[in-house]
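Residue-level structure breakdown
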Amino acid sequence: ESFSVTAPSAGGTYNAYFKVFQNENCIAGSGIQAKALINSVTVTVVTGTTLTVQPATGTYGGVANLSATLKAGTTALNGRTISFSLNGNPVGTSTTDGSGIATLAGSLAGIDAGTFLTGVSASYAGETGPPAFGNSTGSADLTVGKKDVSPTFTADNKVYDRTTTATILTRSLTGVVGTDNVTITGGTAAFSDENVGVGKTVTASDFTLGGSAVANY
């Protein structure tokens, strides 16, 4: 004979008892006097979950604020561990709050500037319970913006020549990430006026960025 059991809708673990009564089968509690208990099985109801991941943005070399919401139906799941990844690389875990939301500041180290479809991913491993919850995953887009850098330069002294033209001696950059190959060239400079003086202000513009990592700046 075959038996079928309709599991309760709520997640959890339940015992189903089977008894034999002559040539018929019945579930305990039906009111029929069974002759002998022949077996019992454990029925575990696993409640499905959904994990909704928010798109994330950040600046090259910085962090992206990651967020994911875990629910079972319409019920937020509190105190569950969510694992986050950026472009397939794990960046850490976070625990959901009372609203089912887990947040994490994920490092963008090693990720170039650009837009990455499904670049943010998150996962929940599920639980055997009770209550039991199924695993779930989610993803969203990641946008990494270029990093701003600031140029610094020095200007050469000159003999009065009735012009404000200045000659740039050295150029450097601040704000470069690590050992990135970023260079600064070119530019034009001018004194604040053409008069003779000491410690005069010099302004410069039209510098050009270069180097193998320039696309991130």
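Residues numbered from 1 in each chain as written. Predicted model: local features only at pLDDT ≥ 70, side-chain atom pairs only at ≥ 80, totals over all residues. Heavy atoms only, no water.

**Quick look at the nonpolar core**
Formed by 28 residues in total, the largest nonpolar core has its most connected members in Leu66, Ile82, Phe84 and Leu142. Among the elements of the structure, strand 4 (50-53), strand 6 (63-72), strand 8 (81-86), strand 10 (101-107), strand 11 (114-124) and strand 13 (136-145) are those that each provide at least two residues to this core. Element by element, the count of residues in this core is highest for strand 6, at 5 residues. Look past the residues within four positions of Leu142 in its chain and what remains in contact with it is Ala56, Ala64, Leu86, Asn87, Leu108, Ile111, Gly114, Thr115, Phe116, Gly119 and Val120. By size, the runner-up hydrophobic cluster in this structure holds 5 residues, among which are Ala166, Ile168, Phe191 and Val202. (Core = buried A, V, L, I, M, F, W, Y, C linked by side-chain atoms within 4.5 Å. Buried < 20%, exposed > 50% of the residue type's maximum accessible area, 1.4 Å probe, protein only. Helix = DSSP H or I, 4+ residues; strand = E, 2+ residues; numbered from the N terminus. Contact = heavy atoms within 4.5 Å.)

**Observations regarding the pattern of salt bridges**
Following the criterion strictly, the structure yields 3 salt bridges and no others. With a closest N to O distance of 2.6 Å, Glu127 and Arg80 form a salt bridge. Within this pair, whereas Glu127 is found in the loop between strand 11 and strand 12 (132-133), its partner Arg80 is found in the loop between strand 7 (75-76) and strand 8, the two being separated by 47 residues in sequence. Residue Glu127 is classed as partly exposed on the basis of its relative accessible area, which comes to 29%. The class of Arg80 is buried, set by a relative accessible area of 17%. (Salt bridge = Lys/Arg side-chain N within 4 Å of Asp/Glu carboxyl O.)

Function-wise, these values are silent; they only describe arrangement.
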